[in-house]
Amino acid sequence: MVELVLFGALASLVGWLVHRKQRQRSSAATAKDETGIACMVKGGPGGARWRPGRLLTGAGPLAWKASWGGRTVVLPTGLRRTGLRPPSMREALGLNPRARIIECAAGDEVVLIAVMPEELEPVVKALDSA
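Residues numbered from 1 in each chain as written. Predicted model: local features only at pLDDT ≥ 70, side-chain atom pairs only at ≥ 80, totals over all residues. Heavy atoms only, no water.

J.: Quick question: what am I supposed to make of helix 3 (residues 120-129) here?
T.: Regarding helix 3, the residues found buried are Leu120, Val123, Val124, Ala126 and Leu127. For helix 3, the buried positions fall inside an angular range of 160° around the axis, keeping them on one side. Pointing more than 90 degrees away from the buried face of helix 3 are the exposed residues Glu121, Lys125 and Ser129. Buried residues in helix 3 make contact with strand 1 (37-42), strand 2 (51-56), strand 5 (80-85), strand 6 (100-106) and strand 7 (109-115). (Buried < 20%, exposed > 50% of the residue type's maximum accessible area, 1.4 Å probe, protein only. Helix = DSSP H or I, 4+ residues; strand = E, 2+ residues; numbered from the N terminus. Arc of directions from axis to C-beta. Contact = heavy atoms within 4.5 Å.)

Written out as structure tokens, the structure is:
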């Protein structure tokens, strides 16, 4: 019986230490991370495929930071919103089917930005103010 109590106390201590370390790592990661909205971009800086990243909406021009590689690319100047639509069946295979696609144009260049419905409003405001 004593062994079970000691084992339970030890398991609780280890669980608490692991949880504390995870909290420290996540708070450090969010402190380092630039403010931005998670999205996927196709065309423009993303190329011909959907690329995950973050739309940086801080002071200055709109920029997009890739999740892989971490390169930051400034979106074309004069980018304006031209449409909003759900993903097609083919696009839904690579995106979340709940996502919404914001169609944007800058001159003859077309940029598609896919965001989740919860993040749609901040992206639209950022695009309209840019």
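The rest of the description comes next.
J.: Honestly, the environment of Met89 in this entry has me stumped. Any pointers?
T.: Turning to its location among the elements, Met89 is positioned in helix 2 (residues 89-94). The exposed category is assigned to Met89, whose relative accessible area is 73%.

J.: How do you make sense of the pattern of salt bridges when you look at a structure like this?
T.: Opposite charge on two side chains permits pairing when their charged atoms draw close. With the rule as written, the count across this model stands at five salt bridges. With a closest N to O distance of 2.8 Å, Arg85 and Glu91 form a salt bridge. (Salt bridge = Lys/Arg side-chain N within 4 Å of Asp/Glu carboxyl O.)

J.: What is the right way to look at the sheet that holds strand 6 in this model?
T.: In sheet architecture, strand pairing relies on hydrogen bonds along the backbone and comes in two forms, parallel and antiparallel. Here seven strands make up an open sheet; going across it, the order is 4-3-2-1-7-6-5 and the pairing antiparallel. Looking at strand neighbours, the two that pair on one side only are strand 4 (72-74) and strand 5, the edges of this open sheet. On average, each strand axis in the sheet is inclined to that of its neighbour by 35°, with strand direction left out of account. Bridge count between strand 6 and strand 7: seven bridges; the pairing is antiparallel. (Pairing = 2+ DSSP bridges. Axes fitted to C-alpha atoms, helices over the stretch in contact; angles between N-to-C directions.)

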